[in-house]
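# Coordinate inspection notes
Next come the chains, spelled out residue by residue.
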2 protein chains.
Amino acid sequence: METEFIQHLRKSLGSHDRLRIGLGDDAAILDWRDRDDLVVTTDLISDEIDFRLAEVDPRRVGRKALAVNLSDLAAMGAEPVAVVVSLLLPRTPPVGTALELAVQLYDGMLPLVEQFDCILAGGDTNSWSGPLAINVTAFGSCSDQPLLRRGAAPGDVILVTGELGGSILGHHFDFTPRIAEARRLTRLGLAQVGMDISDGLLLDLSRLLNESEVAGVLDLTSIPISDAAHRLSETSGRTPLEHALADGEDFELLLTASPEHAQQIVADDLLGTPVTAIGKIVAGAGMWADQVGGKKLEPQGYLHQ
Amino acid sequence: METEFIQHLRKSLGSHDRLRIGLGDDAAILDWRDRDDLVVTTDLISDEIDFRLAEVDPRRVGRKALAVNLSDLAAMGAEPVAVVVSLLLPRTPPVGTALELAVQLYDGMLPLVEQFDCILAGGDTNSWSGPLAINVTAFGSCSDQPLLRRGAAPGDVILVTGELGGSILGHHFDFTPRIAEARRLTRLGLAQVGMDISDGLLLDLSRLLNESEVAGVLDLTSIPISDAAHRLSETSGRTPLEHALADGEDFELLLTASPEHAQQIVADDLLGTPVTAIGKIVAGAGMWADQVGGKKLEPQGYLHQ
């Protein structure tokens, strides 16, 4: 099947001036002149953990496998350059053949590859008796100062893009990685600290605070809550705010910036995407609601087992 | 488990002057100054297809996951720089816990990481109800002309390193990727065409011939047959030569070079590893034993399903 599939891919993928050697050799070779650094991330998603193949269009699964990696590049303020994709296909998928499934997964990835002018540089295609798993490794480059988790300082404002919570209702498949927004921030020098929210606001914020060795105070009334969080709340027994704080897979940017920079970012619709100030950085450790010594916030969210 | 495991890794991994940002952020950042190109390969291995977790020390499995990727870099004549590793762990492994399995898999990789002065730059660790799968993406660089599958010309000699066949008896876990040999060849400008033998000599040679749009004539009496191929032959019902031609997972280099260069490579023990001339490139298509129009050789080997 792999030979057949590579022939299909060779036909459907265009050439790219940075791709010196693509599919058909033992490895890809990319032109990396005029780049000083290489930003690399890898993420694997699998059936029953990150999606349910029996219940979803495989194109959305393929899209998600790529998008979560692009979100990690956005979290660094990096420009995507290329991706490589490994498929581990069930020999007997819920619908159709393994080859058809592979084609659909790629069909879901290609629009995103194109949107971010990224090169699909190669991959590895396997089938087995187990369920579907997809690994994507994405790599890019930062011409400006990257966004890191370390470096948040007391006095900085905590910001998030978009709205949070209820991603399970569909956003976790359909989100747009915040590449353009992050690139704009780093190009303008407005933020050097940030990450993407993949496991839940509180859990991811706690990681940023730990790396920066500071504490955070959140204004819980300011958290931007998505419609999906409200809808989910109707049946979940949890409040919309609880969903926004801990659901995860929002794939929004969590940032810190000086008050002046934060004001610029929020006021001018600078990113073309809503940005909300949700709290501030203070000295110490941990997370608090409203003020230091207020209600202590636990790092809730999705913990990988 | 992932948090615990990352803490373990942070302790066991050293720093590296090319690693600007390592574990603990959304992506790794590598120093890529003074490099013009980026060679990248990705390979996924899984339980029951590439190993049997119930029957083998997990350290050998971890080692193999990394080694097959380094072999792909060798196949390009590239120098390894960094790798990222994704684990998909069974929640209930045959022995011990998922965390213990993860630690053992990395224990198998680390000596190889060190041997090739490679950076373990990051990864993704997951567990699920399915069997074990491991994806490695390896990054390297070619300061010289790379080894490609295209470019073999009539008159060139076909060469292989080492001995072939019977890899299933243990070599597929314990082989040393031919990084040093390939680097030496490209540095000296003695070979520009080559690949590694992963799916079997005949199948892989047929791929090289197709990419180069030439034919090959093999001297079957010259094929270097491993002891393992002889041992396997005692019970398999196949000849040692058949094992050497089609078993796969030899992870030796298959090269072509001009007669002068081939003589230099073979005569002087230039690589510190035995190299054998096994045939020559001729015009046309296909593979033949002894001479064009002789016995036609079919591209047998391990076809990924």
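The structure we're discussing is the one just above.
Residues numbered from 1 in each chain as written. Chains lettered and ligands numbered in written order. Predicted model: local features only at pLDDT ≥ 70, side-chain atom pairs only at ≥ 80, totals over all residues. Heavy atoms only, no water.

## Section: the interface of chain B and chain A
Heads up, the condition is: Between two residues, a contact is recorded if the distance between any of their heavy atoms is within 4.5 Å. Here the buried area means the combined drop in accessible surface, using a 1.4 Å probe, for two parts upon being joined, counting both sides. Salt bridge, as used here: a side-chain nitrogen of Lys or Arg that lies within 4 Å of a carboxyl oxygen of Asp or Glu. Pairs of N or O atoms within 3.5 Å make up the polar contacts considered here, provided that, within protein, one atom can donate a hydrogen while the other can accept it, and that residues adjacent in sequence are counted only when both atoms are side-chain atoms. Runs of E in the DSSP output that reach at least two residues are strands. Runs of H or I that reach at least four are helices, and both are numbered from the N terminus. Here the term charged refers only to Asp, Glu, Lys and Arg, the term nonpolar to Ala, Val, Leu, Ile, Met, Phe, Trp, Tyr, Cys and Pro, and the term polar to all other amino acids, Gly among them.
Taken together, the contact pairs 63 residues of chain B with 63 residues of chain A. Roughly 5100 Å² of surface becomes buried between chain B and chain A when both sides are summed, with 54% attributable to carbon and sulfur atoms. Joining chain B to chain A, the criterion identifies four salt bridges. Between Arg149(B) and Asp25(A) there is a salt bridge; the shortest N-O distance is 3.8 Å. The interface formed by chain B and chain A includes 21 residue pairs in polar contact (both at pLDDT 80 or more). Counting only elements with at least two residues in the side of chain B that touches chain A, the list comes to helix H1 (2–12), strand S1 (19–21), strand S2 (28–31), strand S3 (37–46), strand S4 (79–90), strand S5 (119–128), strand S6 (133–141) and strand S8 (193–196) of chain B. Looking at the side of chain B that touches chain A element by element, the count peaks at nine residues for S3(B). For the side of chain B that touches chain A, the class distribution of residues is 27 nonpolar, 16 polar and 20 charged.

## Details of the sheet that holds S4(B)
For the record, the criterion: Here, strands pair whenever DSSP counts at least two bridges between them. Between the N-to-C directions of two axes lies an angle of 0 to 180 degrees, each axis being a line fitted to C-alpha atoms and, for a helix, fitted only over the stretch in contact.
Ordered by their spatial adjacency, six strands build an open sheet running S1(A)-S2(A)-S3(B)-S6(B)-S4(B)-S5(B), and the pairing between neighbours is mixed. Edge strands, defined here as strands with exactly one partner in the open sheet, are strand S1 (19–21) of chain A together with S5 of chain B. The average undirected angle you get between the axes of adjacent strands in this sheet is 20°. Pairing of strand S2 (residues 28–31) of chain A with S3(B), which is carried by four bridges, proceeds in the antiparallel orientation. Looking at the pairing, Leu30(A) lines up with Leu38(B) of S3(B). Across the sheet, helix H3 (residues 98–115) of chain B is in contact with S4, S5 and S6 of chain B; its angle to S4(B) comes to roughly 165°.

## A short note on the environment of Trp128(A)
Residue and element names in this part refer to chain A. Cut-off, in case you're wondering: Whether a residue is buried, partly exposed or exposed follows from its accessible area with a 1.4 Å probe, protein chains only, as a fraction of its type maximum: under 20%, in between, or over 50%, in that order.
Position of Trp 128 among the secondary structure elements: in strand S5 (residues 119–128). A residue is classified by how much of its surface remains accessible, and Trp 128, at 1% relative accessible area, is buried. Spatially, the C-alpha atoms of Trp 128 and Pro 90 are 5.4 Å apart, while their sequence positions differ by 38 residues. A distance of 2.9 Å separates a polar side-chain atom of Trp 128 from the backbone oxygen of Pro 131.

## A closer look at the pattern of salt bridges
Residues and elements named next belong to chain A. Summed over all chains, the structure comprises 32 salt bridges over all chains. The partner of Asp 57 in a salt bridge is Arg 59, and the shortest N-O contact between them spans 3.0 Å. Look at Arg 59 and you get partly exposed, because its relative accessible area is 41%.

## Observations regarding the packing of aromatic side chains
Applied cut-off: Pairing of aromatic rings covers Phe, Tyr and the six-membered ring of Trp, with a centre-to-centre limit of 6.5 Å; geometry is then stacked below 30 degrees between planes, edge-to-face above 60, and tilted otherwise. Comment: the charge-over-ring label is applied if NZ (Lys) or CZ (Arg) is within 6 Å of the ring centre and within 35 degrees of the ring normal.
Within the structure shown, the criterion is met by seven aromatic pairs over all chains. An angle of 15° between the planes, with centres 4.2 Å apart, marks the rings of Phe175(A) and Phe251(A) as stacked. On the criterion of sequence distance, the pair formed by Phe175(A) in the loop between helix H4 (171–174) and helix H5 (179–187) and Phe251(A) in the loop between helix H8 (240–246) and strand S10 (253–257) is long-range, its members being 76 residues apart. Neither Phe175(A) nor Phe251(A) differs from the other in exposure class; each is buried. With a centroid separation of 5.1 Å and 65° between ring planes, the pair formed by Phe5(B) and Tyr106(B) is classed as edge-to-face. Taken together, the residues span a long stretch of sequence, with Phe5(B) in helix H1 and Tyr106(B) in helix H3 at a distance of 101 residues. The two residues Phe5(B) and Tyr106(B) agree in class, both being buried. Each member of the aromatic cluster is reached from another via a ring pair, and the members are Trp32(A), Phe139(A) and Phe139(B). Positioned above the aromatic ring of Trp32(A) is the side chain of Arg35(A), whose terminal nitrogen or guanidinium carbon lies 5.9 Å from the ring centre. Taking the ring centre of Trp288(B) as reference, the NZ or CZ of Lys296(B) above it sits at 4.9 Å.

## A closer look at the packing of helix H2 (residues 58–74) of chain B against H3(B)
Residue and element names in this part refer to chain B. For clarity, the threshold we go by: Our angle categories are set so that under 35 degrees counts as roughly parallel, over 145 as roughly antiparallel, 65 to 115 as roughly perpendicular, and the remainder as oblique. Handedness of a crossing follows from how the near helix is turned relative to the far one, being left-handed for an anticlockwise turn of less than a right angle and right-handed for a clockwise one.
The interhelical angle for the contact between H2 and H3, taken along N-to-C directions, is 45°, at an axis separation of 7 Å. With respect to their mutual orientation, H2 and H3 come out oblique. When you trace H2 past H3, the crossing you get is right-handed. Facing H2, whose interface residues are Pro 58, Arg 59, Val 61, Gly 62, Arg 63, Leu 66, Ala 67 and Leu 70, H3 presents Leu 101, Gln 104, Leu 105, Asp 107, Gly 108, Met 109, Leu 112 and Val 113.

## Regarding the sheet that holds S2(B)
With mixed pairing, the six strands of this open sheet are ordered in space as S5(A)-S4(A)-S6(A)-S3(A)-S2(B)-S1(B). Unpaired on one side and paired on the other, S5 of chain A together with S1 of chain B mark the two borders of the sheet. The average angle at which neighbouring strand axes cross in this sheet is 20°, direction not considered.

## Some words on helix H3 (residues 98–115) of chain A
Residue and element names in this part refer to chain A. This is how the line gets drawn: One less than the number of residues in a helix, times 1.5 Å, gives the span that helix is expected to have. A residue's bend is the angle separating two fitted axes: one through the seven residues that end there, the other through the seven that start there.
With 18 residues, H3 ought to run about 26 Å at 1.5 Å a step, and its terminal C-alpha atoms sit 27 Å apart, in line with that. The largest bend in H3 is about 30°, located at Met 109, with the proline Pro 111 one to four residues further on. Here H3 has its buried residues at Ala 98, Leu 101, Ala 102, Val 103, Leu 105, Tyr 106, Gly 108, Met 109, Leu 110, Leu 112 and Val 113. In this structure, the buried side of H3 is in contact with helix H1 (2–12), helix H2 (58–74), strand S4 (79–90), S5 and strand S6 (133–141). Where H3 ends, the next residue or the one after it, Asp 117, has phi of about 50°, a positive value.

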